[in-house]
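Now for the letters of each chain:
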Amino acid sequence: MAITQTPLLVLALINPEIILDLTLQQWDLLVRQARRSGVLARFGYILKRNDLIDKVPQQALKHINSAQTYAEQIAISLTWEVECIQKAFVKLELPLVFLKGTAYAVANNFSGAGRVFSDVDILVPENRIAEVESALNFSGWKASFVDAYDQRFYREWMHEIPPMQHIQRHTSIDVHHNILPKISRYCPDSSLLLLNAVKVSEQNSWVLAPEDRVIHSATHLFHEGEFDHGFRDLSDLDLLIKEFSTEEGWWDKLLQRAIELNQQVPLYYALRYTTLILKTPVPREVLDDCKLWYPNGIQRKIMDWLFCRALMPNHSSCEDSWTGFARWVLYIRSHWIKMPVRILAPHLCRKGWLRLTEQEDY
Amino acid sequence: MLNIYQGVTFRKVGEDYLAYSPLSSETIYLTFFAYQTLEYIMANPISFSELSKKHQLYFDDFLDDELSTMLATTIRQLSSRGFIYTSSNSI
Amino acid sequence: MKSKGILLQIGPFVVRLDTSIKTVVESVYSLYSDYIFYEDVPSLFIDFYIRIDRPNLYRGYLRSQVQCYIDGNTPFKPLPYEQAFPFFEWGLNWVIASHVHYYLLVHAAVVEKNGDVLILCGKPGAGKSTLCAALASRGWRLFSDEMAVIDLKTNELIPCVRPISLKNQAIDIISEFSPSSIFGLSYKDTAKGTLSHMKPKKEWIEKADIRAVSKWVVFPQYKPDSATTLNSVAKGETVIELAKNSFNYNFLGAQGFNSLCALVDRSDCYRFEYSDLGEAIDTFDKLSS
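Analysis parameters
Residues numbered from 1 in each chain as written. Chains lettered and ligands numbered in written order. Predicted model: local features only at pLDDT ≥ 70, side-chain atom pairs only at ≥ 80, totals over all residues. Helix = DSSP H or I, 4+ residues; strand = E, 2+ residues; numbered from the N terminus. Rg over C-alpha atoms; globule rule 2.2 N^0.38 Å. Buried ≥ 20, exposed ≤ 12 C-beta atoms within 10 Å, placed from the backbone. Contact = placed C-beta atoms within 7 Å. Axes fitted to C-alpha atoms, helices over the stretch in contact; angles between N-to-C directions. Parallel < 35°, antiparallel > 145°, perpendicular 65-115°, else oblique. Left-handed = near helix turned anticlockwise from the far one by under 90°. Nonpolar A, V, L, I, M, F, W, Y, C, P; charged D, E, K, R; others polar. Arc of directions from axis to C-beta. Core = buried A, V, L, I, M, F, W, Y, C linked by C-beta atoms within 7 Å. Domains from an automatic or database assignment. Pairing = 2+ DSSP bridges.

Engineer: Would you take a moment to explain the overall build of chain B for this structure?
Structural biologist: Counting secondary structure elements, chain B contains three helices and five strands. Taking 91 residues into account, the globule formula puts the C-alpha radius of gyration at 12 Å, and chain B, at 13 Å, falls close to it. By the burial criterion, 30% of the 91 residues in chain B qualify as buried. A separation threshold of at least 6 residues defines the contact pool for chain B, and within that pool the share at least 24 residues apart is 55%.

Engineer: What should I look at first to understand the overall build of chain A in this one?
Structural biologist: What chain A contains, in helices and strands, is 16 helices and seven strands. Taken over the C-alpha trace, chain A has a radius of gyration of 21 Å; the compact-globule value for 362 residues is 21 Å, and the two agree within 12%. Principal axes of the C-alpha set define a box for chain A whose edges measure 55 × 50 × 45 Å. By the burial criterion, 42% of the 362 residues in chain A qualify as buried. Considering only residue pairs separated by 6 or more positions, chain A has 66% of its internal contacts joining residues 24 or more positions apart.

Engineer: Can you help me understand the packing of helix H9 (residues 210-223) of chain A against helix H11 (residues 250-260) of chain A in this one?
Structural biologist: Two numbers describe a pair of packed helices, the interaxial angle and the distance between the axes. All names here are of chain A. Close contact between H9 and H11 brings their axes to 9 Å; oriented N to C, the two are set at 55 degrees. As far as their axial angle goes, H11 and H9 are oblique. Judged by the sense of rotation from one axis to the other, the crossing of H9 with H11 is right-handed. Contact with H9, carried on its side by Glu211, Asp212, Val214 and Ile215, involves Lys253, Leu254, Arg257 and Ala258 of H11 and no other residues of that element. For the contact of H9 with H11, the class distribution of residues is four nonpolar, no polar and four charged.

Engineer: How should helix H5 (residues 169-177) of chain C be read in this particular structure?
Structural biologist: Each turn of an α-helix holds 3.6 residues, which means side chains three or four residues apart point in the same direction. All names here are of chain C. Three or more residues of H5 are buried, namely Ala170, Ile171 and Ile174. All buried residues of H5 lie within an arc of 105 degrees about the axis, which places them on one face of the element. Away from its buried face, by an angle of more than 90 degrees, H5 presents the exposed residues Gln169, Asp172 and Glu176.

Engineer: Help me understand the interface of chain B and chain C, please; the structure alone is not making it clear to me.
Structural biologist: Put simply, an interface is often sized by how much accessible area is lost when its parts join up. Between chain B and chain C, the residue contacts involve 13 residues of the former and 14 residues of the latter. Where the side of chain B that touches chain C is concerned, the elements lending two or more residues are strand E2 (9-13), strand E3 (16-21) and strand E4 (26-30) of chain B.

Engineer: Honestly, unusual backbone geometry in this entry has me stumped. Any pointers?
Structural biologist: If you check the backbone angles, A:His170 has positive phi at about 60 degrees while not being a glycine. With respect to the helices and strands, the residue A:His170 is situated in the loop between strand E4 (164-166) and strand E5 (172-176). With a phi angle near 50 degrees, C:Asp71 is a residue other than glycine that sits in the positive phi range.

Engineer: What am I meant to see in the nonpolar core here?
Structural biologist: Side chains of nonpolar character tend, in soluble globular proteins, to be buried together. C:Ile52, C:Val111 and C:Ile119 are the most contacted members of the largest nonpolar core, which totals 154 residues. In terms of residues, this core owes the most to one element, helix H12 (residues 264-278) of chain A, which gives eight residues. Three or more residues apiece are contributed to this core by two domains, here domain 1 (4-99) and domain 2 (103-288) of chain C. Aside from chain neighbours lying at most four places away, what touches C:Ile119 is C:Ala108, C:Val110, C:Ala148, C:Ser214, C:Trp216, C:Val217 and C:Val218. Within the second largest apolar cluster, 33 residues are counted, among which are A:Val97, A:Ile122, A:Val124 and B:Leu23.

Engineer: What am I meant to see in the packing of H9(A) against H12(A) here?
Structural biologist: Residues and elements named next belong to chain A. Look at H9 against H12: their axes get within 8 Å of each other, and the N-to-C directions meet at 90 degrees. As far as their axial angle goes, H12 and H9 are roughly perpendicular. On the side of H9, the interface is formed by Ile215, Ala218, Thr219 and Phe222, while H12 contributes Pro266, Leu267, Tyr269 and Ala270.

Engineer: What's the story with the interface of chain A and chain C in this structure? I'm lost.
Structural biologist: Contacts between chain A and chain C engage 18 residues on the former and 14 residues on the latter. For the side of chain A that touches chain C, the elements supplying multiple residues, two or more each, are helix H2 (24-37) and helix H4 (58-89) of chain A. For the side of chain A that touches chain C, the element with the highest residue contribution is H4(A), accounting for nine residues. Residues belonging to the side of chain A that touches chain C are distributed by class as follows: five nonpolar, nine polar and four charged.

Engineer: Sorry if this is basic, but what is going on with the sheet that holds strand E4 (residues 48-53) of chain C here?
Structural biologist: Strand pairing in a sheet relies on backbone hydrogen bonds, with the paired strands running either antiparallel or parallel. Residues and elements named next belong to chain C. The strand order across the open sheet built from six strands is E3-E1-E2-E4-E5-E6, with neighbouring strands paired in mixed fashion. Of all the strands in the sheet, just strand E3 (37-38) and strand E6 (79-80) have a single pairing partner and so form its edges. Sheet contacts for helix H1 (residues 22-31): strand E1 (4-10), strand E2 (13-19) and E4; angle to E2, the most-contacted strand, approximately 150 degrees. Running over the sheet, helix H3 (residues 84-99) touches E2, E4, strand E5 (65-70) and E6 and is turned about 155 degrees from E4.

Engineer: Whenever I open this one, the environment of A:Asn204 confuses me. Can you help?
Structural biologist: Residues and elements named next belong to chain A. Tracing the backbone shows Asn204 in the loop between strand E6 (198-199) and strand E7 (206-207). Each C-alpha atom, one on Asn204 and one on Ile46, is 30 Å from the other, the two residues being 158 residues apart in sequence. In this view, Asn204 contacts Gln86, Phe89, Pro95 and Leu96; residues no more than four positions away in its chain are not counted.

Engineer: What am I meant to see in the sheet that holds strand E10 (residues 141-144) of chain C here?
Structural biologist: Residues and elements named next belong to chain C. Ordered in space as E10-E8-E9-E15-E17-E16, the six strands form an open sheet in which the pairing is mixed. The open sheet has two edge strands, E10 and strand E16 (229-232), and neither has a second partner. Each strand axis lies, on average, 30 degrees off the axis of its neighbour in the sheet, ignoring direction. Along the sheet face, helix H4 (residues 128-136) touches strand E8 (109-113), strand E9 (116-120), E10 and strand E15 (213-222) and points at about 20 degrees away from the line of E8.

So far we have only geometry, and geometry alone does not tell us how the molecule works.
Here you go:
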């Protein structure tokens, strides 16, 4: 099922105490796996939380501190970016709902510590997209250049408009109106997400409700075609679940919510792979209930084989000879489940052509 | 009330005054007036009128209007560049 | 050739280079011959992994290219096969500049005399590498020709001695200026013209652990037929210009700002224009006496 040897990074996240017995050579590998996965800074915070940071040898600690310095500066810059976006939103009288990494940071979730963001993601009602775009334009954000095909692709089929870039700060904002493309088979009703959003500061800063944050993370990861950040996203889920599940009755809320939002399968995957790979503590009954949403035993085994490879840290020491194939299959699958065939086939052909002629990167 | 963002740092280097904001990542020159403004705000959150009064003691050869305008411009610049902010508490 | 792993101490970093390209191995053993080499053992922590190899069948052989991999991935476009060794040098610069945020890194040449450090900061083409190589051939200790490495707590400069990269006419100028200096191969048609590397002196590598503090920050500009002039520059301007030339100032927050201000505060800061290398050396020797 899984690749033959569990990566050091995975073992260390499951049980941080193993670091006490590592050689410097093993530390070197651990740092590289963590850096490549984008969780080196986070790993430092986990060690700190477990009172293990003083046990880290200097040679490795320098690299952890380096990653944390970088991540902390990104986080500080993010608070400024959030303020600038809030200023742009003032006249709209619209809640500013943040998604993904930005949400973890503004809500002070543990999964936000040490996490590096490249874009800010927000969720707005579809019928107010034009106003939001206009307000952002007015405050210095401009649509990044996309050709006519991509414009149509975004605006007609996707759940977000093309990314916008600020002309002075060169920061990027992704404006979503849903968490899945309009054309996808299980696209949820985004007004349900917005209605349930929670305010996290005196200023106009909102995030999805805890159970929705987990479901969105699951939806995003298990519809994703590219797994460069797959392991980090899995780790996000692990930390979010650990943080939120202490609340009484949270598991029932989570399961119920997945049904309301049509995201039973992504949640099944999320709980299956966080427990399988990171040993996230999920009650047996919850896992059994989720399994009912995915009754096909053979298909379950195939997906286990694929995801247990694709979700490993993106480092050569965490791969086997099938990892590349598994990622490729899931890439095709991600487009399949997001788009109807009449759009998928020409879209894949176009992407393939652009990559072959080096107009687009892998 | 005017406040200084956490992490903002400013100092004299040689004959020049410089300031840095980790929020906007800007490193800027300060006039002596702006430097003193930041010093007052750093000591305690302060209102515009209090700040004006403090400046008047030092820059007593300026007219009230001139000083007010200079202060307003300085505050606007420092706010828009991520050094200070206005909070809603009134004391 | 079968892939070879070379482990060595470069400044404060332990670097592992893997390559199956003979000229890379030869150049490393020639230019880095006085450095400390290691065996890959459980008690060794390696900071950076660099691999220089042909990319794949098509690009590697039919288009005769070479690629530089940083721990398995590459952020670079391939280069002509002949530039394999310089690619290692550029790759190492890149990986230090991208990952090392526990030091402040400034794009500058650094030399030292009598415990005082001279930082030469300038745009490409300003002549800082030539000046650096000349000073290093006349009794100044080389810390680095490319990168000032500054300890954020103590503000000391940390030696990170590497072969000095010289371009175009500078190669001939320094060969003449310092006939005893050893040069590696010449690489034509690189992005920066013809390139060669001057081998570091053994004593610089032996003193690799000896740090020092900054005494002078100078912005040199080579200008043909100009007089040798040294003019004071304001400290505020110096801080801002050093920050612009820093690889990681923007990631270090207030620490970076405070460190740079403290360094500039304690230093004499100048703009320097020259055309005569001998006169230039005299100027700095006078400063240091």
